[in-house]
Amino acid sequence: MSDGPLIVQSDKTLLLEVDHPRADECRKAIAPFAELERAPEHVHTYRVTPLALWNARAAGHDAEQVVDALIGFSRYPVPHALLVDVAETMARYGRLRLEKHPVHGLVLTSTDRAVLEEVLRSKKIQPLVGERFGADIVAVHPSERGNIKQTLLKLGWPAEDMAGYVDGEHHPIDLREDGWSLRPYQKEAADAFWHGGSGVVVLPCGAGKTIVGAAAMAHARATTLILVTNTVSAHQWKQELIRRTSLTEDEIGEYTGTKKEIRPVTIATYQVMTTRRQGTYRHLELFDARDWGLVVYDEVHLLPAPIFRMTADLQARRRIGLTATLVREDGREGDVFSLIGPKRYDTPWKEMENQGYIAPAECVEVRVTLSDDERLAYAMAESDERYRFCSTTPAKTRVTEALVRRHANEQVLVIGQYIDQLDELGEHLNAPVIKGETKVKERERLFQAFRDKEIRVLVVSKVANFSIDLPEAAVAIQVSGTFGSRQEEAQRLGRVLRPKADGGGARFYSVVSRDTVDQEFAAHRQRFLAEQGYAYHIIDADDVGEEDPAR
Amino acid sequence: MERMTGTDFNEWLRGRSDERLRALVATRPELVTPVPAHIDGLAARACSPSAIGRALDRLDRFSLAVLETLALRPGPADREALLSLLRRAVPGDLGDAALGSALDAALDVLTTRALVYGTDDALLPAPGVAEALEPPAALGPPAAEVFRHHSPERLDVLLRDIDPAYEGGGRTDDGRPARERLAALLAEPATVARLVGEVSPQARTALNELVWGPASGRLPNARREVDAANAQSPIEQLLARGLLGATGEETVALPREVALVLRDGRVHRDLSPGPPALEGSVRDQDLADRTAAGQAFTFVRTVEELCELWSVDPPGVLRAGGLAIRDLRRTAQLLDLPEWAAGLVVEVAHAAGLVAAGEGEWLPTGAYDGWRIKATEDRWAVLADAWAAMERAPGLIGERDDRDRPLNALHPDLRRPGAAQTRRRTLAVLEPAPPGLAPTPESVLARLAWEQPRRRPALRDRLVRFALREAEHIGVTGLGVPSSHGRAVARGDGTAAGLLGPLLPEPVDHVLLQADLTAVAPGPLTTDLGRRLALMADVESKGGATVYRFSEQSVRRALDAGHSADDLLTVLERHSATPVPQPLSYLVTDVARRHGRIRVGTASAYIRCDDPALLDEVLADKRAHLLRLRRLAPTVLASKTSRAALVDSLRAMGYAPVAESLEGDVVVARADARRTEGQLAARVTANTAPDPEVVAAAVRAMRAGDSRRRPVEAPEGQVPRSPATATISALQEAIRQGSRVWIGYLDSQGHATSRILEPARMEGGYLTAYDETRATVHRFALHRITGIAEIGR
């Protein structure tokens with residue numbers, strides 16, 4: 001019996017014992033072909049998926065390496081069926097290729113005629129291909145490059161894309177590392193993206209994804225289109241780029257609700273891109289406005305459907321997606337991978353925390369109990385009203401006040417879903433409220449005041465879920481959320497993960513009503529973070545007054 | 001049939017030592033069922049076509065080639081002549097000594113089996129062998145046979161073209177008939193060389209294709225009239241010279257003499273004195289053993305999982321027997337296996353007697369409960385042995401039979417004669433494979449073809465491939481390499497479990513608890529801990545390790561089973577290497593807090609009344625004690641009595657109750673974990689060779705018959721009666737000592753007889769013994785032996 005750190009399960013999950021002396025070595029060996037699924041304290045779970053195996057093939061690994069890694073690190077014998085399956089799955093990659101033919105343009109070619117026949121008989125493939133030039137070669141409409149890749153992936157015959165990328169319009173961009181330098185993982189992530197051509201980089205909130213984007217731009221040295229979630233975020237990107245790169249203010253344009261500038265580097269919001277007038281997306285032409293050499297998708301897990309469709313047409317341009325949490329409640333992770341590109345870099349949150357790149361955080365779930373009257377009203381509420389009812393109970397306001405008092409010396413964010421609840425909280429806490437109707441200028445003023453510690457407590461709605469850079473926030477109190485959204489929970493925790501000037505830790509409170517759907521949703525919301533190793537302490541509302549409620 | 005050499009063979013056989021005769025009977029057991037009366041009888045049976053056919057089927061390719069070479073020689077041959085013939089057939093530079101010893105070994109086999117007889121300087125095939133070999137070495141029929149049906153006119157034309165000395169008119173110079181002359185000519189190398197030289201190169205190519213067989217081909221209008229002058233096509237050129245002859249309206253054949261000349265004096269080519277080596281990639285034997293052990297572990301667990309599934313939710317038995325395709329699919333899905341593998345699991349579980357048909361459903365048997373508590377390695381050995389001996393072909397499940405009906409798992413039609421034998425022979429090929437070699441299916445097939453070239457049971461190639469695939473799935477092989485425990489199964493020496501045991505992962509008694517409410521057991525858990533964890537958490541992933549997830553439902557399940565929150569936390573603390581994470585302990589206490597606030601009980605009927613005073617009255621009535629009433633609320637009584645009985649009793653007490661329609665009835669779950677006492681699946685015994693005692697007894701009987709030994713008279717009087725246990729122990733003693741006994745026996749008509757026996761073997765309620773009073777070997781039913789006594793020699 002060998003004593004490896006890895007246990008291979010018959011359902012294709014790999015369990016890695018992290019305290020094992022060979023754990024690091026093993027992690028490096030299996031990372032290319034297995035997705036990290038869960039990373040709690042003792043045993044990390046990876047999953048071997050067809051997509052991951054094909055990505056490994058695309059990155060130049062072969063089945064033998066995969067099998068060797070599995071057998072070499074496994075504590076127990078590896079199920080034979082799994083090894084056979086790995087070999088068979090990997091052998092499916094590359095039978096079909098998308099190539100640039102000198103005469104016919106973009107073509108689909110095959111080394112295995114039977115496979116080509118099989119896919120050409122598919123009804124989904126037929127509209128995407130053109131003339132058949134020979135037994136093993138068929139034309140593909142250039143605009144369908146993304147679609148055909150996506151469809152072939154679904155059919156289980158992923159095409160190797162050999163058609164390359166357009167260089168785009170050249171534009172000099174350099175990183176200006178004065179007084180700061182690229183962190184090792186940021187460099188690795190940018191390099192991994194560049195060698196892969198296109199893809200997604202997954203880094204925890206606060207780990208500096210913007211800088212990875214800037215580093216990618218410095219690799220491409222071409223005109224760049226950056227898509228971000230909202231205007232505030234667009235401003236932050238612009239400032240960050242000016243600070244970190246050789247780009248000047250004149251070279252960066254904003255394409256938002258108010259400004260429509262197109263410059264060598266243009267930052268646009270998803271919202272403006274998906275604005276429809278008379279049934280057409282008027283701003284999607286921005287994609288063709290310049291010969292972009294690189295498209296950056298910030299918070300790629302939020303990518304809206306129309307952008308998906310446009311992205312399918314952009315397969316000849318390099319694309320990088322940035323996100324902290326590639327979990328979509330709509331299950332479209334697969335589309336992100338096939339249209340933007342495979343995951344190029346991923347690292348467990350706790351790992352970053354150990355290395356000091358993000359602040360250590362403690363998560364606490366505070367359970368409040370509904371009063372008897374409330375319980376009766378809750379039991380009689382319509383099912384679609386129940387969540388709102390129990391998550392906005394006045395008991396939560398009282399607990400929030402107590403928590404704010406407890407952290408009297410720290411910068412506190414109170415985050416919620418329902419505007420009246422937030423207004424009420426703002427009143428009780430005597431704190432400003434930022435919500436959807438708050439003007440961009442006002443928002444930025446309040447955020448700046450918070451950063452400068454002029455304001456100690458800020459109440460925010462979901463507009464502040466993403467991309468808002470608030471380094472000094474050390475405590476977040478969540479009173480309600482978008483039902484069971486795992487990525488929202490992670491993003492909200494992300495608001496307090498920026499390393500603190502004093503090196504201190506962060507606190508994340510989630511206030512939950514006991515024995516209601518709120519509690520069920522909370523359990524679901526916490527799953528992603530729990531799997532990343534963030535253990536939620538659960539305390540009762542009555543214990544909040546104590547010296548250290550988390551203990 | 002006329003047998004010229006019959007008496008020679010009989011005398012040779014009679015001259016063999018008892019030991020050689022025993023060896024003959026042991027290798028050809030069909031010769032003594034029933035035992036012949038004397039040696040002549042044995043000889044006659046040994047020369048019968050069917051017996052020879054069976055003996056030939058057991059020969060390997062080299063021994064068969066030696067026999068064919070011998071049979072093709074016109075008269076007796078000596079060893080040297082055979083050696084020189086074989087030398088040409090064996091390619092490469094194998095030394096004379098090596099070939100000689102291979103020849104001696106083959107001759108020993110052939111004489112032992114009485115297929116060849118005579119002395120070393122005059123060896124002959126046994127009577128009947130040459131006929132049974134027909135056609136030997138893929139040769140065509142002899143010329144005399146080929147040209148038998150040619151008219152004299154045809155022969156006349158032929159001889160004119162090929163015999164310079166022929167005078168025409170059917171007469172030959174030496175006065176022999178034309179057909180004989182033709183055959184003699186075709187046996188002359190010079191003549192054949194001359195004739196072959198005359199034909200076109202295309203004709204020569206066609207001829208070469210027939211030389212090494214098959215020696216005949218199809219040709220429309222084969223009996224056409226051709227002569228050398230007007231022959232057109234290459235085939236016609238050959239026909240005109242007698243190098244080919246028409247054997248039917250549409251078939252032509254190469255005469256044997258011509259083929260032998262063209263084979264350049266060789267009978268065989270590329271003959272190998274030893275079996276072909278197994279080929280395949282080489283891996284680390286230890287790694288293969290571990291992989292196979294892992295697969296063995298998985299297989300045992302899968303069978304257990306199957307039985308547990310079927311305990312609770314058994315599939316039905318089809319009217320024609322077997323398991324419906326739909327049920328197999330569902331089982332495959334639940335076991336997370338491809339269908340063929342699920343079919344194998346089901347079939348092996350059945351062959352091992354763990355599941356059987358009972359009450360129209362497939363259910364685990366009582367034997368399963370015994371099997372389940374054994375150690376994993378012992379459980380595996382049971383399954384592997386059952387598989388090896390299984391006379392069925394699970395690989396065919398899902399295919400269609402000759403009448404286009406689907407072949408279902410567990411259906412009687414899945415029986416394939418030869419399946420067990422083919423599987424055993426495949427295992428026998430794998431067993432001695434060099435360490436680490438993963439033999440390719442092709443090389444295994446080649447080896448089997450060499451070992452028994454004449455025997456090709458239907459589907460053999462497929463059955464062999466099935467066997468190899470199944471061996472891998474069961475864990476007899478790992479990475480294609482025969483594992484050490486798998487080799488033990490092939491040997492059948494009962495050491496498999498002992499070899500497998502140390503390779504299996506050791507049970508662990510701790511788990512890793514994590515804050516995301518999962519627990520990881522880094523190996524198979526001890527039974528007790530495994531059962532407790534399975535109760536309080538749901539299994540999320542299986543394999544070398546098991547991942548459990550705690551949830552409200554799973555914790556509640558454990559509480560429902562009577563555990564308290566403290567019990568659960570104590571178990572977790574004791575078996576966790578790290579402290580119990582706070583979220584987990586909170587979950588357990590939180591669920592416990594709410595557990596049991598609502599109480600549910602069973603009641604068969606209730607009494608409802610708006611007036612509490614009336615209910616007081618009912619409760620106070622003495623006659624109501626038998627109704628076991630319980631007051632749940634001021635206006636409600638619950639009762640364990642049925643509604644009808646309650647109504648009747650209340651009426652008898654003078655009330656006027658009305659029955660209410662039932663709502664919220666207690667649903668009684670049907671009993672789970674059912675069992676059947678199904679029949680054990682029939683097993684083929686692995687060892688088909690007869691017992692040495694039986695062989696010895698048979699030889700003794702034949703010798704007795706041969707020497708006209710009179711049956712011995714049994715002593716006068718009745719054998720004293722003895723109890724059955726004494727009879728059996730006396731017989732065992734006699735078998736052990738080889739001594740004679742005197743018994744009283746009731747024959748099949750019920751007459752008391754008296755016999756003197758040499759007991760040989762006792763098995764299954766029968767005694768096999770040489771009966772001196774009848775001078776024959778007989779099987780005696782033990783229960784009809786009335787008594788036993790010793791008798792002096």
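Just so you know, the residues in each chain are numbered from 1, in the order the chain's sequence is written. Key to labels: chains lettered from A, ligands numbered from 1, both in the order written. Confidence filtering applies because this is a predicted model: local features only for residues at pLDDT of at least 70, side-chain atom pairs given and counted only at 80 or more, and all residues used for totals across whole chains, interfaces and linings.

Residue and element names in this part refer to chain A. With burial as the criterion, only one face of strand β8 (residues 137-140) is covered, namely that bearing V138 and V140; the residues I137 and A139 on the opposite face remain uncovered. Across three bridges, strand β6 (residues 105-110) lies against β8 in antiparallel orientation. Residue pairing in the sheet places L108 in a bridge with V138 of β8. Across three bridges, strand β7 (residues 129-134) lies against β8 in antiparallel orientation. Considered in β8, the bridge of G134 is made with I137. Where β7 folds back on β8, the antiparallel hairpin that results is connected by two residues. Put plainly, a residue is buried at 20 or more neighbouring C-beta atoms within 10 Å of its own, exposed at 12 or fewer, and partly exposed in between, counting only other residues' C-beta atoms, which are placed from the backbone. Secondary structure elements follow DSSP: runs of H or I of four or more residues count as helices, runs of E of two or more count as strands, with numbering from the N terminus. When DSSP finds at least two bridges between two strands, those strands are taken to pair.

Moving on to the interface of chain A and chain B. Whether two residues are in contact depends on their C-beta atoms, placed from the backbone: they are in contact if these lie within 7 Å. Contacts between the two partners involve 27 residues from chain A, matched on the other side by 27 residues from chain B. Secondary-structure elements contributing two or more residues to the side of chain A that touches chain B are β1 (6-8), β2 (13-17), α22 (527-531) and β25 (536-540) of chain A. Among the residues making up the side of chain A that touches chain B, the classes are represented as 15 nonpolar, six polar and six charged. Nonpolar residues are Ala, Val, Leu, Ile, Met, Phe, Trp, Tyr, Cys and Pro. Charged residues are Asp, Glu, Lys and Arg, and all others, Gly as well, are polar.

A few words now on the packing of helix α3 (residues 63-73) of chain A against helix α4 (residues 80-92) of chain A. Residue and element names in this part refer to chain A. All axes are obtained by fitting lines to C-alpha atoms, using only the stretch in contact for helices, and the reported angles, taken between N-to-C directions, cover 0 to 180 degrees. Remark: α3 packs on α4, axes separated minimally by 9 Å, with the N-to-C direction vectors making an angle of 155°. What the angle tells us is that α3 and α4 run roughly antiparallel. You can see that α3 and α4 cross each other, and the crossing is right-handed. The segment α3 lies against α4, with A63, V66 and V67 engaging L83, V86, A87 and M90. Looking at side-chain class alone, the contact of α3 with α4 contains seven nonpolar, no polar and no charged residues. Angle categories are assigned with fixed cut-offs, so that under 35 degrees is roughly parallel, over 145 is roughly antiparallel, 65 to 115 is roughly perpendicular, and the rest are oblique. Crossing handedness is read from the near helix: turned anticlockwise from the far helix by less than a right angle, it gives a left-handed crossing, and turned clockwise, a right-handed one.

Let's shift gears to the nonpolar core. Note that soluble globular proteins tend to have their nonpolar side chains buried in a common cluster. Grouped together as the largest cluster of nonpolar side chains are 114 residues, with contacts concentrated most on B:V66, B:L67, B:V116 and B:A698. Residue contributions to this core peak at nine residues, all from helix α32 (residues 692-706) of chain B. Excluding residues that lie within four positions of it along the chain, B:A698 makes contacts with B:V25, B:V32, B:V35 and B:V777. Membership of the second largest hydrophobic core comes to 111 residues, among which are A:V202, A:Y297, A:V366 and A:V414. Each nonpolar core consists of buried Ala, Val, Leu, Ile, Met, Phe, Trp, Tyr and Cys residues. Their C-beta atoms, within 7 Å, join them into a set.

Below, the discussion takes up the packing of helix α9 (residues 231-244) of chain A against helix α19 (residues 440-451) of chain A. Residues and elements named next belong to chain A. Running from amino to carboxyl end, α9 crosses α19 at an angle of 60°, the nearest separation of the two axes being 10 Å. Taken together, the axis directions place α9 and α19 in an arrangement best described as oblique. Crossing hand, α9 versus α19: right-handed. Seen from α9, the contacting residues are T231, V232 and H235; seen from α19, they are V440, R443 and E444. Grouping the constituent residues of the contact of α9 with α19 by class yields two nonpolar, two polar and two charged.

Attention now moves to the confidence of the model for chain A. Confidence scores here are pLDDT values: one per residue, from the predictor, ranging 0 to 100. Taken over all residues, the pLDDT of chain A has a mean of 86, while the share at 70 or more is 98%. In this model, residues 547-551 of chain A is a region of pLDDT below 50 whose contacts with residues beyond four sequence positions or in other chains number eight contacts.

A few words on the environment of B:E660. When you line up the elements, B:E660 lands in the loop between α31 (643-652) and α32. The spacing of B:E660 and B:R643 is 17 residues in sequence and 8.7 Å in space, taken between C-alpha atoms.

An α-helical segment advances 3.6 residues per turn. Residues three or four places apart therefore align on the same side. All names here are of chain B. Counted at 1.5 Å a residue, the expected span for helix α23 (residues 460-474) with its 15 residues is 21 Å, and the 20 Å between its end C-alpha atoms agrees. For α23, the buried fraction is high: eleven of the 15 residues fall into the buried class. Of all the residues in α23, the buried ones are R460, L463, V464, F466, A467, L468, E470, A471, E472, H473 and I474. Any helix carries an expected span of 1.5 Å times its number of residues minus one.

This next bit is on the sheet that holds strand β3 (residues 216-218) of chain B. Residue and element names in this part refer to chain B. Spatial ordering of the open sheet is given by β3-β5-β4, a layout of three strands whose pairing is antiparallel. Single-partner strands in this sheet number two, and they are β3 and β4 (245-246). Where β3 lies against strand β5 (residues 251-253), three bridges are found, and the strand directions are antiparallel. What sits directly across from S216, in β5, is A253.

For the rest of this paragraph, the subject is the environment of B:R447. All names here are of chain B. Tracing the sequence through the fold places R447 in helix α22 (residues 441-451). Judged by the 22 C-beta atoms lying within 10 Å of it, R447 falls in the buried class. Taking C-alpha positions, R447 is 9.3 Å from T426, a pair spaced 21 residues apart along the chain. Leave out the neighbours within four places in its chain, and R447 touches P275, P276, L278 and V429.

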